[in-house]
Amino acid sequence: PQGDNFVVSFGGDETKNGTPHEVVLADILIEPMREYLRLWRPVLAKRQGRWTRSIGEAVWVSANGSPMTQEGLAGRIELRTRKALGKAISPHRFRDAAATTMVMADPARIRAAAPLLGHRSLATTEKHYIQARGLQAQRSYLEILKGARRGKNKQIACVVDARKTNERTSND
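The rules behind the values
- Residues numbered from 1 in each chain as written.
- Predicted model: local features only at pLDDT ≥ 70, side-chain atom pairs only at ≥ 80, totals over all residues.
- Heavy atoms only, no water.
- Helix = DSSP H or I, 4+ residues; strand = E, 2+ residues; numbered from the N terminus.
- Buried < 20%, exposed > 50% of the residue type's maximum accessible area, 1.4 Å probe, protein only.
- Contact = heavy atoms within 4.5 Å.
- Areas by Shrake-Rupley, 256 points an atom, 1.4 Å probe, with all protein chains shown as cover.
- Salt bridge = Lys/Arg side-chain N within 4 Å of Asp/Glu carboxyl O.
- Arc of directions from axis to C-beta.
- Phe/Tyr/Trp six-rings, centres within 6.5 Å; stacked < 30°, edge-to-face > 60°.
- Expected span 1.5 Å × (residues − 1).
- Lys, Arg positive; Asp, Glu negative; His and termini not counted.

**Concerning the overall build of the protein**
Move 1: A count of helical and extended segments in the protein gives seven helices and two strands.
Move 2: Within the protein, the proportion of its 172 residues that are buried is 22%.
Move 3: Once local pairs closer than 6 in sequence are excluded, the contacts in the protein between residues at least 24 apart make up 28%.
Move 4: On the protein, roughly 13000 Å² of surface is accessible, and the fraction owed to carbon and sulfur atoms is 55%.

Here it is, written out as structure tokens:
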């Protein structure tokens, strides 16, 4: 905790690019985090399993009373999302969703996506994470087609009509 907020910190040894990274926990998650730390972490920390080791300052504690590993945490997230949504979603996909959602909501804030993800370069963010351009292009294309069907774009409407004519002719 840092005042009324929680800051999630990763040392350089915990990031792919070797740069330390910090993010503030979203307001909506502060109360659930306080409850976990006050009620559930102590319960889990007292558990003794076959592989129990000291939790130290680890936030996430496994069912056997040990610090949760990166793989263990990812597995829990995938299990919970599969149960809730019918599809397992990895922590990495949440990064993709965060960057894409930010850019789709406000394309002018594209530069903010790189620091959000801990990238040194905007090019890395654009190349690997932002799906917004593809989604926006698809939506634009569908709007053009809808307009053509309503006769708003004469050139495309002619192509669509020609295809319909060809389909009818080949089916007769």
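**A short note on the pattern of salt bridges**
For side chains bearing opposite charge, pairing can occur when the charged atoms are close.
Move 1: This model, assessed by the stated rule, comprises one salt bridge.
Move 2: A salt bridge links Arg34 to Glu31, with the shortest nitrogen-to-oxygen separation between them at 3.1 Å. Of the two residues, Arg34 and Glu31 are both situated in helix H1 (residues 27-45); the distance of three residues between them amounts to about one turn of the helix.

**Side note on helix H4 (residues 110-117)**
Move 1: Taken together, the buried positions of H4 are occupied by Ile110, Ala113, Ala114 and Leu117. Buried positions in H4, seen along its axis, are confined to an arc of 100 degrees and lie on one side of it.
Move 2: Downstream of H4 by one or two residues, Gly118 has phi in the positive range, about 80 degrees.

**Quick look at the packing of aromatic side chains**
Move 1: Counted under the stated rule, the structure contains one aromatic pair.
Move 2: Ring centres of Tyr36 and Trp60 lie 4.7 Å apart, and the angle between their planes is 35 degrees; on these two criteria the pair is classed as tilted. With Tyr36 in helix H1 and Trp60 in the loop between H1 and helix H2 (70-85), the pair connects residues that are 24 residues apart, well separated along the chain.
Move 3: For Tyr36, a relative accessible area of 12% gives the class buried.

**Thoughts on H2**
Move 1: Across its 16 residues, H2 extends 22 Å between first and last C-alpha, which sits within 8% of the 22 Å expected from 1.5 Å per residue.
Move 2: Once H2 finishes, Gly86 follows within two positions and takes phi at roughly 85 degrees, a positive value.

**Comments concerning the side chain of Thr81**
Move 1: Looking at where Thr81 falls in the secondary structure, it is placed in helix H2.
Move 2: Beyond its immediate chain neighbours, meaning those up to four positions away, Thr81 contacts Gly86, Lys87, Ala88, Ile89 and Phe94.

**What about the side chain of Arg41?**
Move 1: Here Arg41 shows up in helix H1.
Move 2: Despite its burial, Arg41 pairs with no opposite charge; the closest candidate is Glu57, at 7.7 Å N-O.

**Observations concerning the environment of Trp40**
Move 1: Looking at the element boundaries, Trp40 is found in helix H1.
Move 2: Separated by 21 residues in the primary sequence, Trp40 and Val61 have C-alpha atoms spaced 9.1 Å apart.

So far we have only geometry, and geometry alone does not tell us how the molecule works.
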